[in-house]
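# A look at the structure
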Amino acid sequence: MNKTHLYFVPGLAANTKIFEYINLPEDQFETHFLEWILPNSIEETIESYAKRMCSFITHENPILIGVSFGGVMVQEMSKQLSCKKVIIISSMKSNKELPKRLKFAQKTKAYKLFPTKLVENIEEYEFLFFGDYLKKRAELYKMYLSIRNSIYLEWAIHNVLHWQQDFELDNIVHIHGNKDEVFPIKHIKNSIEVDKGTHIMILDKAKTISKILAKECDC
């Protein structure tokens, strides 16, 4: 039996550990995990970057799966290679699904105030995280955010907010949580809704997402 090759791209600055709880039938699927690479410069286009990411795909007609900004990236990659399907998780299919507060950040350039140095050197700023919730989030960041380079962070945030995709591509499967705090469900159309799924549901709703992926990838 020929296996279907699945290529996963994590969220913004995240490493591929975010997929550690995803469990798919090994007799059907072969999984491959793509790590982020550094942009050539802050001005590198998302098209150029996607082309470089495509160079790590070594199988024909794969299924591309991306989380959050990784979902944006796999859509850009799909424009440059032939793939069976694109599946995005906790992401957006076009800039029309960007929430108002992020559109505001884009127009006012408020995103340039984002403390990329905090993420880059999070251990030095742990004392700023008060309360159990923030401390737990800080621990998650340390565990799953491996790309802390400030140029990458500025480049990625800029490309999330300035993505020029203004229509939905064909053959996109969108899995989205109804409690997503980054891309609220009210702005999302045509998605498979995950009950109580937040923006990090790839971690705490992995069993549910695995079932959906197994069904959607069985093609």
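The coordinates are above.
To keep things clear, this report deals only with the structure shown in the data block. Quick caveat: nothing in here was measured; it's all calculated off a predicted structure.

## Looking at the overall build of the protein
Summing up its helical and strand segments, the protein has 8 helices and 6 strands in all. Counted from the first residue to the last, the protein has its helices and strands arranged as β-β-α-β-α-β-α-α-α-α-β-β-α-α. The proportion of buried residues among the 219 residues of the protein is 50%. A separation of at least 24 residues holds for 65% of the contacts in the protein among residues at least 6 apart in sequence. Total accessible area on the protein stands at roughly 11600 Å², and carbon and sulfur atoms take up 53% of it.

## Observations concerning the nonpolar core
If you look at the biggest cluster of nonpolar residues, it comprises 63 residues, and the most contacted ones within it are Phe69, Met73, Met77, Tyr152 and Leu213. The element best represented in this core is helix H6 (residues 150-161), accounting for 7 residues. Once residues within four sequence positions are removed from consideration, leucine 213 is found in contact with Phe8, Ile22, Leu24, Ile65, Ile87, Ile89 and Ile175.

## A few points about helix H2 (residues 69-78)
With respect to burial, H2 is a largely interior element, 10 of its 10 residues being buried. Along H2, the residues classified as buried are Phe69, Gly70, Gly71, Val72, Met73, Val74, Gln75, Glu76, Met77 and Ser78.

## A few points about H6
Between its first and last C-alpha, H6 extends 17 Å over 12 residues, near the 16 Å set by a 1.5 Å rise per residue. Where burial is concerned, most of H6 is hidden: 9 out of the 12 residues are buried. Those residues of H6 not exposed but buried are Ser150, Tyr152, Leu153, Trp155, Ala156, Ile157, Asn159, Val160 and Leu161. Residue asparagine 149 occupies the N-cap position of H6, its side-chain oxygen lying 2.9 Å from the main-chain nitrogen of isoleucine 151.

Procedures and definitions
- Residues numbered from 1 in each chain as written.
- Predicted model: local features only at pLDDT ≥ 70, side-chain atom pairs only at ≥ 80, totals over all residues.
- Heavy atoms only, no water.
- Helix = DSSP H or I, 4+ residues; strand = E, 2+ residues; numbered from the N terminus.
- Buried < 20%, exposed > 50% of the residue type's maximum accessible area, 1.4 Å probe, protein only.
- Contact = heavy atoms within 4.5 Å.
- Areas by Shrake-Rupley, 256 points an atom, 1.4 Å probe, with all protein chains shown as cover.
- Core = buried A, V, L, I, M, F, W, Y, C linked by side-chain atoms within 4.5 Å.
- Expected span 1.5 Å × (residues − 1).
- Polar contact = N/O pair within 3.5 Å; in protein donor to acceptor, adjacent residues only side chain to side chain.

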